[in-house]
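Descriptive analysis of the structure
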Amino acid sequence: MEAPLAERIRPKRLEDYISQLHLVGPEGSLTQQIARGFIPSLIFWGPPGTGKTTLAQIIAEESKRPFYILSAINSGVKDVREVIDKAKQAGGLFTAKNPILFIDEIHRFSKSQQDSLLAAVEKGWVTLIGATTENPSFEVIPALLSRCQVYILNPFSKDDLNALLNRAIEKDNVLASRNIDLQETEALLRLSGGDGRKLLNIFELVVNATPGDRVVVTNETVMQLAQQNTVLYDKTGEQHYDIISAFIKSMRGSDPNGAVYWLARMIEGGEDVKFIARRMLILASEDIGNANPTALVIANNTFQAVTTIGYPESRILLSQCAVYLATSPKSNATYMAIGAAQQAVRQQGDLPVPLHLRNAPTKLMKELGYGDDYKYAHDFAHNFAEQEFLPEALSGTVFYEPGDNSREKQTREFLRNRWKDKYGY
């Protein structure tokens, strides 16, 4: 069976590698490391089809190291240990020829699977290169992440994609048997979404679907032949991040029309309903908050419901929630409050808890004054007694500033009646 075009023209030398000049250009950081013969453990983070696997293979070839590859989709701890044992025999402790272990989609490894790599990386039995489309800060365990350098691979630019097309026409023996006239590339580039592999797959589809020896590639022919065979929304590519960003910003900006349009784009592309609902759940607190606390309830109920229902019916629930959030009053006051409070913690350190607020479960603690002079709010009129609830160094600091909406105006009046002299509400 003939290999796909993307595999047939996969480059084997660094000088043939297209794109990622910030890494492998003349002044690229990886170029310098390869030249010195020192390759640290790496994490390649970027959308699909940006050359992560190819770059790992080239590094192994250029540095003359044994190369082992695992896919996190179908590998477990046993597979990892077997490869590490082979690598230890093939290389040597802290030698220049330490084998490279490439793990594709490393974010799919569980914590225990990632833990199984730690000793091998720490002791230099292997040089790990992991590839991921997900943010490694969230998907790779801290102990492993701290032992690796993270490099970001960007979606292919238009120039990169055109260079790939030209290489395919010039270098591939299968395409060489056809008379290819590449008249227009706009549709090919647009459908690829910066994914080199997808570009070559679509191009090959168009070539194979055209009868005769001569293949004329125009935007019209590409759309006619490819639109039924390619997804216009890539759940893991650049559009994934751009479209969810537009969706969130439409709701934040109180535009239900923009919100349902970008929602439709994600639904048509088969986006995970839980991902969409999870982002709305975050927005309900971050951008609406106490301006309308019901928004959080509705968003949470939507998340629970679509998790159970799935497509196609869940599109109705998602639309209802998106419109509700878009048309709700907005406030980021609580979001700003926790940010300000965290900044104070980082700047001031671990300030002592005032004695009257401390727990006093033992006799010694009581003798030391823990809990003395604490005022139980329910013993006082209106269930309120003024006292200090912050460390002395932060006394009077305002972290929460109510937003300019009807509900939080009521909140401000409530606080003013109780804390006017202290916080100035």
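Everything below is about the structure shown above.
Residues numbered from 1 in each chain as written. Predicted model: local features only at pLDDT ≥ 70, side-chain atom pairs only at ≥ 80, totals over all residues. Heavy atoms only, no water.

Structural notes on the overall build of the protein
Quick reminder of the rule: Counting from the N terminus, the helices are DSSP H or I runs at least four residues long and the strands are E runs at least two residues long. In this description the radius of gyration comes from C-alpha coordinates, and the expected globular size is given by 2.2 Å times residues to the power 0.38. Remark: exposure states derive from per-residue accessible area (1.4 Å probe, protein chains only) relative to the maximum for the residue type, with buried under 20%, exposed over 50%, and partly exposed in between. Per-residue and other accessible areas follow the Shrake-Rupley method at a 1.4 Å probe size, with only the shown protein chains counted as cover for residues. In this tally Asp and Glu are treated as negative and Lys and Arg as positive; neither His nor the chain ends contributes. All charge positions are set by atom: Lys at NZ, Arg at CZ, Asp at CG, Glu at CD.
Helix and strand counts for the protein come out as 21 helices and 7 strands. The globule rule puts the C-alpha radius of gyration for 425 residues at 22 Å, and the 29 Å found for the protein is more than 25% above it. Projected onto the principal axes, the alpha-carbon positions of the protein cover approximately 90 × 55 × 40 Å. Expressed as a percentage of the 425 residues in the protein, the buried residues total 43%. By element, 51% of the accessible surface of the protein is carried by carbon and sulfur atoms, the whole surface being about 22800 Å². A distance of 3 Å separates the average location of the 46 positive side-chain charges in the protein from that of its 50 negative side-chain charges.

Quick word on a nonpolar patch on the surface
Where we set the bar: Patches draw on residues past 30% relative accessible area with no salt bridge. Two like charges within 9 Å are joined, as are two nonpolar side chains (Val, Leu, Ile, Met, Phe, Trp, Tyr) within 5 Å. We count a salt bridge whenever a side-chain nitrogen from Lys or Arg sits within 4 Å of a carboxyl oxygen from Asp or Glu.
There is a patch of nonpolar side chains on the surface, built from Tyr374, Tyr376 and Phe389 and spanning about 330 Å² of accessible area. Assignment of secondary structure puts Tyr376 in the loop between α20 (363-367) and α21 (406-423). Of the residues examined, Tyr376 reaches a relative accessible area of 45% and is grouped as partly exposed.

Focus on helix α12 (residues 196-209)
Heads up, the condition is: Multiply 1.5 Å by the residue count of a helix minus one, and that product is the helix's expected span. Contacts described as polar in this section are N or O atom pairs within 3.5 Å, which, within protein, must combine one atom able to donate a hydrogen with one able to accept it, while residues neighboring in sequence count only if both atoms come from side chains.
Compared with an ideal rise of 1.5 Å per residue, which puts 14 residues at 20 Å, α12 spans 20 Å between its outermost C-alpha atoms and is within 8% of the ideal. All buried positions along α12 are accounted for by Gly196, Lys198, Leu199, Leu200, Ile202, Phe203, Glu204, Val206 and Val207. Where α12 begins, the side chain of Asp195 points an oxygen toward the backbone nitrogen of Arg197, at a separation of 2.9 Å.

Re the layout of surface pockets
The condition is simple: Think of a 1 Å grid over the protein atoms and nothing else: a 1.4 Å probe that fits but is trapped marks a cavity, an open set flanked by protein within 12 Å on at least five of seven lines marks a pocket, and residues with an atom within 4 Å of a point count as lining. Grid points are joined across faces, edges and corners, and a volume is the space filled by probe spheres set on the points. Residue classes follow a fixed rule: Ala, Val, Leu, Ile, Met, Phe, Trp, Tyr, Cys and Pro count as nonpolar, while Asp, Glu, Lys and Arg count as charged, and any other residue, Gly among them, counts as polar.
Computed from the structure, the largest pocket encloses a volume of approximately 620 Å³. Along the walls of the largest pocket sit 31 residues, with Pro48, Gly49, Thr50, Gly51 and Arg197 positioned nearest its centre. Element by element, the count of residues in the lining of the largest pocket is highest for α12, at 4 residues. Its residues assigned to classes, the lining of the largest pocket comprises 11 nonpolar, 11 polar and 9 charged.

Let's talk about the packing of helix α15 (residues 256-268) against helix α18 (residues 314-326)
Worth spelling out the cut-off: Axis definition: a line fitted to C-alpha atoms, limited for helices to the stretch in contact. Angles are taken between N-to-C directions and run from 0 to 180 degrees. Put simply, angles under 35 degrees are roughly parallel, angles over 145 are roughly antiparallel, angles from 65 to 115 are roughly perpendicular, and the rest are oblique. By definition, turning the near helix anticlockwise from the far helix through less than a right angle yields a left-handed crossing, and turning it clockwise yields a right-handed one. Contact criterion: two residues are considered in contact whenever any of their non-hydrogen atoms come within 4.5 Å of each other.
The N-to-C vectors of α15 and α18 enclose an angle of 150°; their axes lie 9 Å apart at closest approach. By the angle between their directions, the pair α15 and α18 is classed as roughly antiparallel. By crossing handedness, the relation of α15 to α18 is classed as right-handed. The segment α15 lies against α18, with Pro256, Val260, Leu263 and Ile267 engaging Arg315, Leu318, Ser319, Ala322, Val323 and Ala326. Taken together, the residues of the contact of α15 with α18 sort by class into 8 nonpolar, 1 polar and 1 charged.

A word on unusual backbone geometry
With an omega of 0°, the peptide bond between Tyr311 and Pro312 qualifies as cis. Relative to the elements of secondary structure, Pro312 occurs in the loop between α17 (294-309) and α18. Of note in the backbone geometry, Glu105 takes a positive phi value of approximately 55° without being a glycine. Among the secondary structure elements, Glu105 is positioned in the loop between β3 (100-104) and α6 (111-122).

Focus on the pattern of salt bridges
This model, assessed by the stated rule, comprises 17 salt bridges. For Asp16, the salt bridge goes to Arg13, with nearest N and O atoms at 3.0 Å. Since its relative accessible area comes to 26%, Asp16 is described here as partly exposed. A relative accessible area of 44% places Arg13 in the partly exposed class.

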